[in-house]
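Structure assessment
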Amino acid sequence: MAETGLAPARRMSWLPDRATLHIVMNVFQFAYAGNHVILRTALNMGISKLVFPAYRNIIALAVILPFAYFLEKKNRPALTTSFLMQFFLLAFVGITANQGFYLLGLDNTSPTLASATENAVPAVTFLMAAILRIEEVQLNRRDGIAKVVGTICSVAGALIITIYKGPIIFGPNSPLNQSQPSISLGDAEGKNWTLGCIGLIGHCICWSSWIVLQAPILKKYPAQLSLSSFTCFFAVLQFLAIAGLIERNSQAWLFHSRAELFCVLYSGVVVSGIGFSIQLWAVGKAGPVFVSAYLPLQTLLVAVMASLALGEKFYLGGVIGAVLIFVGLYLVVWGKNEEGKFAARKAVIPSVGESSSLTRNEKSSIFQPLLLTSSKS
(Lines give C-alpha, C1' and ligand atoms only; values in the text may rest on other atoms or scores of the structure.)
Protein backbone atom coordinates (compact mmCIF):
# COMPACT_ATOMS: atom_id res chain seq x y z
CA MET A 1 0.00 0.00 0.00
CA ALA A 2 2.75 2.44 0.86
CA GLU A 3 4.12 2.04 -2.67
CA THR A 4 1.23 4.09 -4.10
CA GLY A 5 2.55 7.23 -2.55
CA LEU A 6 6.31 6.86 -3.10
CA ALA A 7 6.53 9.06 -6.19
CA PRO A 8 7.10 12.32 -4.27
CA ALA A 9 9.84 10.68 -2.21
CA ARG A 10 11.66 9.29 -5.28
CA ARG A 11 11.65 12.62 -7.07
CA MET A 12 12.97 14.43 -3.99
CA SER A 13 15.26 11.72 -2.57
CA TRP A 14 18.11 14.23 -2.29
CA LEU A 15 16.18 16.07 0.45
CA PRO A 16 15.83 14.94 4.08
CA ASP A 17 12.57 13.08 4.73
CA ARG A 18 11.20 15.80 6.99
CA ALA A 19 11.90 18.54 4.45
CA THR A 20 10.29 16.45 1.71
CA LEU A 21 7.18 15.98 3.83
CA HIS A 22 6.80 19.70 4.47
CA ILE A 23 7.33 20.61 0.81
CA VAL A 24 4.86 17.99 -0.41
CA MET A 25 2.23 19.00 2.17
CA ASN A 26 2.58 22.69 1.26
CA VAL A 27 2.11 21.89 -2.43
CA PHE A 28 -0.84 19.63 -1.60
CA GLN A 29 -2.56 22.32 0.50
CA PHE A 30 -2.03 24.85 -2.28
CA ALA A 31 -3.65 22.47 -4.80
CA TYR A 32 -6.54 21.67 -2.45
CA ALA A 33 -7.07 25.35 -1.65
CA GLY A 34 -7.31 26.02 -5.36
CA ASN A 35 -10.05 23.42 -5.57
CA HIS A 36 -12.32 25.43 -3.25
CA VAL A 37 -11.96 28.50 -5.45
CA ILE A 38 -12.28 26.53 -8.70
CA LEU A 39 -15.47 24.84 -7.49
CA ARG A 40 -16.97 28.20 -6.57
CA THR A 41 -15.99 29.50 -10.01
CA ALA A 42 -17.73 26.52 -11.61
CA LEU A 43 -20.88 27.22 -9.59
CA ASN A 44 -20.75 30.88 -10.60
CA MET A 45 -20.64 29.76 -14.24
CA GLY A 46 -23.90 27.89 -13.65
CA ILE A 47 -22.63 24.31 -13.73
CA SER A 48 -25.11 21.81 -12.28
CA LYS A 49 -24.52 20.80 -8.66
CA LEU A 50 -25.58 17.26 -9.61
CA VAL A 51 -23.83 16.81 -12.95
CA PHE A 52 -20.50 18.25 -11.76
CA PRO A 53 -19.87 15.64 -9.00
CA ALA A 54 -21.00 12.85 -11.34
CA TYR A 55 -18.33 13.79 -13.88
CA ARG A 56 -15.79 14.44 -11.15
CA ASN A 57 -16.16 10.98 -9.66
CA ILE A 58 -16.08 9.31 -13.08
CA ILE A 59 -12.69 10.93 -13.65
CA ALA A 60 -11.50 10.04 -10.13
CA LEU A 61 -12.54 6.42 -10.65
CA ALA A 62 -10.61 6.31 -13.93
CA VAL A 63 -7.50 7.58 -12.10
CA ILE A 64 -7.69 5.29 -9.05
CA LEU A 65 -8.98 2.05 -10.62
CA PRO A 66 -5.80 1.00 -12.49
CA PHE A 67 -3.67 1.44 -9.35
CA ALA A 68 -6.17 -0.52 -7.29
CA TYR A 69 -6.29 -3.36 -9.80
CA PHE A 70 -2.55 -3.83 -10.27
CA LEU A 71 -1.20 -2.91 -6.81
CA GLU A 72 -3.73 -4.85 -4.73
CA LYS A 73 -4.12 -8.02 -6.76
CA LYS A 74 -2.67 -10.20 -4.03
CA ASN A 75 -4.18 -8.68 -0.89
CA ARG A 76 -7.68 -7.84 -2.13
CA PRO A 77 -10.30 -9.91 -0.22
CA ALA A 78 -13.02 -11.72 -2.13
CA LEU A 79 -16.18 -9.73 -2.80
CA THR A 80 -19.32 -10.64 -0.88
CA THR A 81 -22.84 -9.24 -0.84
CA SER A 82 -22.15 -7.82 2.61
CA PHE A 83 -19.10 -5.93 1.34
CA LEU A 84 -21.03 -4.52 -1.63
CA MET A 85 -23.79 -3.25 0.66
CA GLN A 86 -21.23 -1.61 2.93
CA PHE A 87 -19.48 -0.02 -0.06
CA PHE A 88 -22.82 1.34 -1.26
CA LEU A 89 -23.49 2.90 2.15
CA LEU A 90 -19.99 4.37 2.32
CA ALA A 91 -20.46 5.87 -1.14
CA PHE A 92 -23.76 7.49 -0.18
CA VAL A 93 -22.53 8.94 3.11
CA GLY A 94 -18.92 9.76 2.23
CA ILE A 95 -19.25 10.91 -1.37
CA THR A 96 -22.82 11.49 -2.58
CA ALA A 97 -24.28 13.23 0.49
CA ASN A 98 -20.89 14.63 1.50
CA GLN A 99 -20.17 16.35 -1.81
CA GLY A 100 -23.81 17.33 -2.27
CA PHE A 101 -23.89 19.15 1.08
CA TYR A 102 -20.52 20.73 0.34
CA LEU A 103 -21.62 22.17 -3.00
CA LEU A 104 -24.85 23.44 -1.43
CA GLY A 105 -22.85 25.15 1.31
CA LEU A 106 -20.21 26.54 -1.02
CA ASP A 107 -22.83 27.94 -3.41
CA ASN A 108 -24.50 29.89 -0.59
CA THR A 109 -21.44 31.02 1.41
CA SER A 110 -17.80 31.35 0.33
CA PRO A 111 -14.70 29.22 -0.36
CA THR A 112 -12.94 30.49 2.77
CA LEU A 113 -15.86 29.66 5.05
CA ALA A 114 -16.21 26.22 3.45
CA SER A 115 -12.52 25.49 4.03
CA ALA A 116 -12.62 26.84 7.61
CA THR A 117 -15.64 24.69 8.50
CA GLU A 118 -13.83 21.53 7.38
CA ASN A 119 -11.33 22.06 10.19
CA ALA A 120 -14.09 20.90 12.55
CA VAL A 121 -14.14 17.39 11.05
CA PRO A 122 -11.62 15.83 13.52
CA ALA A 123 -13.58 17.23 16.47
CA VAL A 124 -16.95 16.06 15.10
CA THR A 125 -15.43 12.65 14.42
CA PHE A 126 -14.18 12.44 18.00
CA LEU A 127 -17.62 13.43 19.30
CA MET A 128 -19.35 10.74 17.23
CA ALA A 129 -16.81 8.12 18.23
CA ALA A 130 -17.18 9.02 21.90
CA ILE A 131 -20.99 8.76 21.69
CA LEU A 132 -20.68 5.35 19.97
CA ARG A 133 -18.03 4.31 22.54
CA ILE A 134 -15.43 3.73 19.84
CA GLU A 135 -13.25 6.41 21.41
CA GLU A 136 -12.58 6.52 25.15
CA VAL A 137 -12.71 9.90 26.89
CA GLN A 138 -10.14 10.16 29.68
CA LEU A 139 -11.15 13.27 31.62
CA ASN A 140 -8.54 12.53 34.28
CA ARG A 141 -5.74 13.16 31.75
CA ARG A 142 -4.63 16.23 29.82
CA ASP A 143 -5.19 14.62 26.43
CA GLY A 144 -8.80 13.75 27.28
CA ILE A 145 -9.55 17.26 28.53
CA ALA A 146 -7.92 18.79 25.44
CA LYS A 147 -10.06 16.71 23.08
CA VAL A 148 -13.27 17.58 24.90
CA VAL A 149 -12.47 21.31 25.05
CA GLY A 150 -11.38 21.23 21.41
CA THR A 151 -14.65 19.61 20.39
CA ILE A 152 -16.65 22.25 22.28
CA CYS A 153 -14.64 25.04 20.59
CA SER A 154 -15.21 23.56 17.13
CA VAL A 155 -18.94 23.10 17.65
CA ALA A 156 -19.23 26.63 19.07
CA GLY A 157 -17.35 28.02 16.07
CA ALA A 158 -19.66 26.23 13.64
CA LEU A 159 -22.72 27.57 15.47
CA ILE A 160 -21.40 31.14 15.44
CA ILE A 161 -20.72 30.94 11.70
CA THR A 162 -24.27 29.70 11.12
CA ILE A 163 -26.28 32.18 13.20
CA TYR A 164 -24.07 35.30 13.15
CA LYS A 165 -22.79 36.86 9.96
CA GLY A 166 -21.80 40.26 11.29
CA PRO A 167 -20.31 43.28 9.53
CA ILE A 168 -17.77 43.11 6.73
CA ILE A 169 -14.30 43.51 8.22
CA PHE A 170 -12.45 43.23 4.92
CA GLY A 171 -13.42 43.26 1.26
CA PRO A 172 -11.48 44.23 -1.86
CA ASN A 173 -14.24 46.59 -3.01
CA SER A 174 -15.71 47.44 0.39
CA PRO A 175 -14.57 49.80 3.14
CA LEU A 176 -13.40 48.29 6.39
CA ASN A 177 -16.01 47.87 9.07
CA GLN A 178 -18.90 48.32 6.65
CA SER A 179 -22.10 47.87 8.57
CA GLN A 180 -24.18 44.76 7.87
CA PRO A 181 -27.07 43.15 9.76
CA SER A 182 -25.76 41.00 12.59
CA ILE A 183 -28.23 38.22 11.91
CA SER A 184 -28.42 37.28 8.26
CA LEU A 185 -30.66 34.84 6.44
CA GLY A 186 -29.12 35.64 3.08
CA ASP A 187 -26.27 37.66 1.67
CA ALA A 188 -26.38 40.68 -0.59
CA GLU A 189 -26.23 38.58 -3.74
CA GLY A 190 -29.45 36.76 -2.85
CA LYS A 191 -27.79 33.66 -1.47
CA ASN A 192 -29.10 32.02 1.68
CA TRP A 193 -26.26 32.26 4.21
CA THR A 194 -27.94 30.11 6.86
CA LEU A 195 -28.83 27.39 4.36
CA GLY A 196 -25.23 27.41 3.15
CA CYS A 197 -23.87 27.05 6.68
CA ILE A 198 -26.29 24.19 7.37
CA GLY A 199 -25.03 22.56 4.18
CA LEU A 200 -21.41 22.89 5.34
CA ILE A 201 -22.27 21.43 8.75
CA GLY A 202 -24.03 18.56 6.96
CA HIS A 203 -20.85 18.11 4.90
CA CYS A 204 -18.75 17.84 8.07
CA ILE A 205 -21.21 15.41 9.70
CA CYS A 206 -21.25 13.20 6.59
CA TRP A 207 -17.47 13.25 6.36
CA SER A 208 -17.12 12.37 10.05
CA SER A 209 -19.74 9.62 9.73
CA TRP A 210 -17.80 8.24 6.79
CA ILE A 211 -14.66 8.05 8.92
CA VAL A 212 -16.47 6.18 11.69
CA LEU A 213 -18.07 3.79 9.18
CA GLN A 214 -14.78 3.16 7.40
CA ALA A 215 -12.88 2.03 10.48
CA PRO A 216 -14.56 -1.39 10.95
CA ILE A 217 -14.77 -2.01 7.18
CA LEU A 218 -11.04 -1.42 6.69
CA LYS A 219 -10.29 -4.10 9.26
CA LYS A 220 -12.16 -6.67 7.18
CA TYR A 221 -11.27 -5.22 3.78
CA PRO A 222 -7.77 -3.68 4.12
CA ALA A 223 -7.29 -3.01 0.38
CA GLN A 224 -7.74 0.75 0.62
CA LEU A 225 -7.34 1.62 -3.06
CA SER A 226 -9.88 -1.04 -4.00
CA LEU A 227 -12.23 0.21 -1.29
CA SER A 228 -11.94 3.72 -2.70
CA SER A 229 -12.60 2.43 -6.22
CA PHE A 230 -15.75 0.57 -5.18
CA THR A 231 -17.13 3.50 -3.19
CA CYS A 232 -16.35 5.86 -6.05
CA PHE A 233 -18.08 3.49 -8.50
CA PHE A 234 -21.25 3.36 -6.39
CA ALA A 235 -21.14 7.14 -5.92
CA VAL A 236 -21.08 7.58 -9.70
CA LEU A 237 -24.16 5.36 -10.01
CA GLN A 238 -25.92 7.32 -7.24
CA PHE A 239 -25.11 10.72 -8.75
CA LEU A 240 -26.17 9.58 -12.22
CA ALA A 241 -29.46 8.24 -10.85
CA ILE A 242 -30.21 11.40 -8.84
CA ALA A 243 -29.15 13.74 -11.63
CA GLY A 244 -31.16 11.73 -14.15
CA LEU A 245 -34.30 12.17 -12.07
CA ILE A 246 -33.85 15.81 -11.06
CA GLU A 247 -31.74 17.44 -13.77
CA ARG A 248 -34.12 17.46 -16.74
CA ASN A 249 -32.22 20.05 -18.75
CA SER A 250 -30.07 18.19 -21.29
CA GLN A 251 -27.81 21.25 -21.63
CA ALA A 252 -26.66 20.74 -18.04
CA TRP A 253 -24.78 17.61 -19.15
CA LEU A 254 -22.72 19.53 -21.72
CA PHE A 255 -19.56 21.57 -21.24
CA HIS A 256 -20.20 25.07 -22.50
CA SER A 257 -16.65 26.34 -22.13
CA ARG A 258 -13.09 25.20 -21.61
CA ALA A 259 -13.27 26.71 -18.15
CA GLU A 260 -16.03 24.29 -17.11
CA LEU A 261 -14.05 21.34 -18.50
CA PHE A 262 -10.94 22.52 -16.65
CA CYS A 263 -12.85 22.74 -13.35
CA VAL A 264 -14.09 19.16 -13.66
CA LEU A 265 -10.69 17.79 -14.72
CA TYR A 266 -8.86 19.64 -11.94
CA SER A 267 -11.26 18.44 -9.28
CA GLY A 268 -11.30 14.84 -10.54
CA VAL A 269 -7.64 14.34 -11.42
CA VAL A 270 -5.66 16.65 -9.11
CA VAL A 271 -7.82 16.51 -5.96
CA SER A 272 -9.59 13.14 -6.01
CA GLY A 273 -6.90 11.25 -7.94
CA ILE A 274 -3.39 12.60 -7.28
CA GLY A 275 -4.40 14.17 -3.95
CA PHE A 276 -5.39 10.75 -2.63
CA SER A 277 -1.94 9.34 -3.35
CA ILE A 278 -0.18 12.28 -1.71
CA GLN A 279 -2.29 12.04 1.45
CA LEU A 280 -1.72 8.29 1.64
CA TRP A 281 2.03 8.76 1.33
CA ALA A 282 2.13 11.57 3.92
CA VAL A 283 0.07 9.64 6.47
CA GLY A 284 2.27 6.58 5.98
CA LYS A 285 5.40 8.65 6.53
CA ALA A 286 4.36 11.00 9.34
CA GLY A 287 0.93 9.95 10.60
CA PRO A 288 -2.50 11.60 10.61
CA VAL A 289 -1.63 14.20 13.25
CA PHE A 290 1.02 15.72 10.97
CA VAL A 291 -1.42 15.92 8.05
CA SER A 292 -4.21 17.39 10.23
CA ALA A 293 -1.92 20.17 11.39
CA TYR A 294 -1.78 21.52 7.84
CA LEU A 295 -5.54 22.09 7.52
CA PRO A 296 -5.47 25.75 8.71
CA LEU A 297 -2.81 26.52 6.08
CA GLN A 298 -5.32 25.44 3.44
CA THR A 299 -7.89 27.88 4.84
CA LEU A 300 -5.37 30.73 4.79
CA LEU A 301 -4.48 29.98 1.17
CA VAL A 302 -8.16 29.81 0.23
CA ALA A 303 -8.75 33.22 1.85
CA VAL A 304 -5.95 34.80 -0.19
CA MET A 305 -7.01 33.10 -3.45
CA ALA A 306 -10.71 33.86 -3.02
CA SER A 307 -10.01 37.50 -2.16
CA LEU A 308 -7.81 37.97 -5.24
CA ALA A 309 -9.78 35.86 -7.73
CA LEU A 310 -13.37 36.29 -6.57
CA GLY A 311 -13.31 39.52 -4.56
CA GLU A 312 -14.52 37.63 -1.48
CA LYS A 313 -15.59 39.64 1.56
CA PHE A 314 -14.78 38.54 5.12
CA TYR A 315 -17.46 38.84 7.79
CA LEU A 316 -16.88 39.17 11.53
CA GLY A 317 -18.97 36.10 12.39
CA GLY A 318 -17.03 33.94 9.93
CA VAL A 319 -13.68 35.10 11.31
CA ILE A 320 -14.68 34.49 14.95
CA GLY A 321 -16.09 31.06 14.10
CA ALA A 322 -13.01 30.12 12.06
CA VAL A 323 -10.67 31.07 14.92
CA LEU A 324 -12.66 28.91 17.36
CA ILE A 325 -12.59 26.01 14.89
CA PHE A 326 -8.81 26.37 14.46
CA VAL A 327 -8.31 26.35 18.25
CA GLY A 328 -10.56 23.30 18.50
CA LEU A 329 -8.65 21.52 15.74
CA TYR A 330 -5.29 22.00 17.41
CA LEU A 331 -6.61 20.95 20.82
CA VAL A 332 -8.07 17.75 19.37
CA VAL A 333 -4.92 17.03 17.34
CA TRP A 334 -2.67 17.76 20.34
CA GLY A 335 -4.82 15.56 22.56
CA LYS A 336 -4.73 12.74 20.02
CA ASN A 337 -0.95 13.04 19.79
CA GLU A 338 -0.55 12.99 23.58
CA GLU A 339 -2.86 9.97 23.77
CA GLY A 340 -0.57 8.16 21.32
CA LYS A 341 2.49 8.99 23.42
CA PHE A 342 0.75 7.80 26.57
CA ALA A 343 -0.23 4.52 24.91
CA ALA A 344 3.34 4.05 23.66
CA ARG A 345 4.75 4.56 27.17
CA LYS A 346 2.29 2.03 28.57
CA ALA A 347 3.21 -0.46 25.86
CA VAL A 348 6.87 -0.48 26.93
CA ILE A 349 6.18 -2.41 30.13
CA PRO A 350 2.53 -3.49 30.05
CA SER A 351 1.12 -5.04 33.14
CA VAL A 352 -1.57 -7.71 33.21
CA GLY A 353 -4.20 -5.16 34.19
CA GLU A 354 -3.15 -2.82 31.38
CA SER A 355 -3.29 -5.33 28.54
CA SER A 356 -7.04 -5.05 28.03
CA SER A 357 -6.81 -1.24 28.14
CA LEU A 358 -4.14 -1.30 25.43
CA THR A 359 -6.32 -3.48 23.29
CA ARG A 360 -9.14 -0.95 23.58
CA ASN A 361 -6.77 1.92 22.77
CA GLU A 362 -5.57 0.13 19.61
CA LYS A 363 -9.15 0.09 18.34
CA SER A 364 -9.29 3.87 18.53
CA SER A 365 -7.90 4.63 15.09
CA ILE A 366 -10.80 6.51 13.59
CA PHE A 367 -8.70 9.39 12.31
CA GLN A 368 -6.61 7.17 10.04
CA PRO A 369 -9.31 6.54 7.39
CA LEU A 370 -10.08 10.27 7.20
CA LEU A 371 -6.62 11.09 6.04
CA LEU A 372 -6.08 8.05 3.87
CA THR A 373 -8.98 8.69 1.54
CA SER A 374 -10.60 12.05 1.10
CA SER A 375 -13.90 12.45 -0.69
CA LYS A 376 -14.43 16.08 0.33
CA SER A 377 -14.72 19.15 -1.62
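Being a predicted model, the structure only gives us computed values, none of them experimental. Position labels on residues start from 1 in each chain and follow its written sequence. Reporting in this predicted model follows two pLDDT cut-offs: at least 70 for local features of residues, and 80 or more for side-chain atom pairs to be given and counted; totals over whole chains, interfaces and linings ignore these cut-offs and use all residues. To obtain the side-chain values, all non-hydrogen atoms of the structure were used and water was disregarded.

1. A few points about the overall build of the protein chain
So the rule is basically this: For helices the rule is a DSSP run of H or I covering at least 4 residues; for strands it is a run of E covering at least 2, with both sets numbered from the N terminus onward. Each residue is placed in one exposure class: buried if its accessible area under a 1.4 Å probe, protein chains only, is under 20% of its type's maximum, exposed if it is over 50%, and partly exposed if it falls in between. Contacts between residues were defined by any pair of non-hydrogen atoms, one from each residue, lying within 4.5 Å. Working definition of accessibility: Shrake-Rupley area with a 1.4 Å probe, residue cover restricted to the visible protein chains.
Counting secondary structure elements, the protein chain contains 15 helices and 2 strands. For the protein chain, with 377 residues in total, the buried portion stands at 52%. Considering only residue pairs separated by 6 or more positions, the protein chain has 84% of its internal contacts joining residues 24 or more positions apart. For the protein chain, the exposed area adds up to about 17,100 Å²; of that, 69% sits on carbon and sulfur atoms.

2. Side note on the confidence of the model for the protein chain
The line we're drawing: Values of pLDDT, the confidence the predictor places in each residue, fall between 0 and 100.
Mean pLDDT over the protein chain works out to 79, with 80% of the residues at or above the 70 mark. Across the protein chain, helix α4 (residues 81–108) holds the top mean pLDDT of 93, while helix α15 (residues 367–372) sits lowest at 41. Below a pLDDT of 50 lies the segment residues 1–7, which in the model reaches 12 contacts outside its immediate sequence neighbourhood of four places, other chains included. Per-residue pLDDT stays below 50 along residues 174–188; that stretch engages in 35 contacts with residues further than four places along the chain or on separate chains.

3. Topic: the pattern of salt bridges
Convention followed: One side-chain nitrogen of Lys or Arg within 4 Å of one carboxyl oxygen of Asp or Glu is enough to make a salt bridge.
Applying the stated criterion to the full structure yields 5 salt bridges. Measuring nitrogen to oxygen at the nearest pair gives 3.6 Å for the salt bridge that ties Lys341 to Glu338. Of the two residues, Lys341 and Glu338 are both situated in helix α13 (residues 316–348); the distance of 3 residues between them amounts to about one turn of the helix. Lys341 sits in the partly exposed class, given a relative accessible area of 41%. By relative accessible area, which is 15% here, Glu338 ends up buried. Where salt bridges share partners, they join Arg142, Glu338 and Lys341 into one cluster.

4. Overview of the packing of aromatic side chains
So the rule is basically this: The rule is short: rings of Phe, Tyr and Trp, with Trp giving its six-membered ring, pair when the centres are within 6.5 Å, and they are stacked under 30 degrees, edge-to-face over 60, tilted in between. Counting as a charge over the ring demands two things of the Lys NZ or Arg CZ atom: a distance within 6 Å of the ring centre and an angle within 35 degrees of the ring normal.
Taken as a whole and assessed by the stated rule, the structure comprises 12 aromatic pairs. Ring geometry for Phe262 versus Tyr266: centroids 5.9 Å apart, planes at 45°, classification tilted. Highlighted residues: Phe262 and Tyr266, both in helix α10 (residues 258–286), separated by 4 residues, approximately one helical turn. Here Phe262 falls in the partly exposed class, since its relative accessible area comes to 48%. A residue is classified by how much of its surface remains accessible, and Tyr266, at 16% relative accessible area, is buried. Here the aromatic residues Phe83, Phe87, Tyr221 and Phe230 are joined through ring pairs into a cluster of three or more. Positioned above the aromatic ring of Phe342, the side-chain terminus of Arg141 is 3.9 Å from the ring centre.

5. Some points on the environment of Ile161
Along the chain, Ile161 falls in helix α7 (residues 142–163). Separated by 159 residues in the primary sequence, Ile161 and Ile320 place their C-alpha atoms 7.7 Å from one another. When residues no more than four places from it in sequence are discounted, the contact partners of Ile161 are Leu113, Thr117, Trp193, Cys197, Gly317, Gly318, Gly321, Ala322 and Ile325.

6. Observations concerning the nonpolar core
Inclusion rule: Definition used in this section: a nonpolar core is a set of buried Ala, Val, Leu, Ile, Met, Phe, Trp, Tyr and Cys residues joined via side-chain atoms within 4.5 Å.
Met25, Phe52, Tyr102, Leu106, Leu113 and Ala282 are the most contacted members of the largest nonpolar core, which totals 38 residues. Contributing elements (two or more residues each) for this core: α2 (17–44), α3 (51–71), α4, α5 (111–118), α6 (121–131), α8 (193–220) and α10. If one sorts the elements of this core by residue count, α2 sits on top with 10 residues. Membership of the second largest hydrophobic core comes to 20 residues, among which are Phe87, Ala91, Ala223 and Phe234.

7. Some thoughts on α6
In terms of residue burial, α6 counts as a mostly covered element, since 8 of its 11 residues are buried. Looking only at α6, the buried set comprises Val121, Pro122, Ala123, Val124, Thr125, Phe126, Met128 and Ala129. Just beyond α6, the residue with positive phi is Arg133, at close to 60°.

8. Structural notes on the state of the cysteines
Operational definition: Cysteine sulfur pairs qualify as disulfides if the two atoms are within 2.5 Å.
Considering all chains together, one arrives at 0 disulfides under this definition. Here Cys204 stays unpaired: no disulfide links it, and the sulfur of Cys206, its closest cysteine neighbor, is 9.5 Å away.

9. Observations regarding the packing of α2 against α4
Counted only if it meets this: Angles here are taken between N-to-C directions and fall from 0 to 180 degrees, while the axes themselves are lines fitted to C-alpha atoms, restricted in helices to the stretch in contact. Note that the term roughly parallel is reserved for angles under 35 degrees, roughly antiparallel for angles over 145, roughly perpendicular for angles of 65 to 115, and oblique for everything else. Residue polarity follows a fixed list, in which Ala, Val, Leu, Ile, Met, Phe, Trp, Tyr, Cys and Pro are nonpolar, Asp, Glu, Lys and Arg are charged, and the others, Gly among them, are polar.
For the pair α2 and α4, interaxial distance at closest approach is 10 Å and the crossing angle is 75°. On the basis of the axis angle, α2 is roughly perpendicular to α4. Here α2 contributes His36, Leu39, Arg40 and Leu43 to the contact with α4, which in turn contributes Tyr102, Leu103, Leu106 and Asp107. Of the residues assigned to the contact of α2 with α4, the class counts are 5 nonpolar, 1 polar and 2 charged.

10. Focus: the packing of α4 against α8
Rules: Here a crossing is taken to be left-handed if its near helix is turned anticlockwise relative to the far helix by less than a right angle, and right-handed if that turn runs clockwise.
Where α4 contacts α8, the axes come no closer than 7 Å and their chain directions differ by 160°. Considering the angle they form, α4 stands roughly antiparallel to α8. Of the two elements, α4 crosses α8, and the hand of that crossing is left-handed. Here the residues of the contact of α4 with α8 are counted per class, giving 18 nonpolar, 11 polar and 1 charged.

11. Quick notes on a nonpolar patch on the surface
Selection rule: Each patch groups residues whose relative accessible area exceeds 30% and which form no salt bridge, using 9 Å between like charges and 5 Å between nonpolar side chains of Val, Leu, Ile, Met, Phe, Trp and Tyr.
A surface patch of nonpolar side chains, amounting to about 460 Å² of accessible area, comprises Leu127, Ile131, Leu132, Val155 and Leu159. Looking at the nonpolar patch, the elements that each hand over two or more residues are α6 and α7. Tracing the backbone through its elements, the reader meets Val155 in helix α7.

12. Regarding the environment of Ile168
Mapped onto the elements, Ile168 comes out in strand β1 (residues 168–170). As for Ile168 and Leu316, which are separated by 148 residues in sequence, their C-alpha atoms are 6.3 Å apart.

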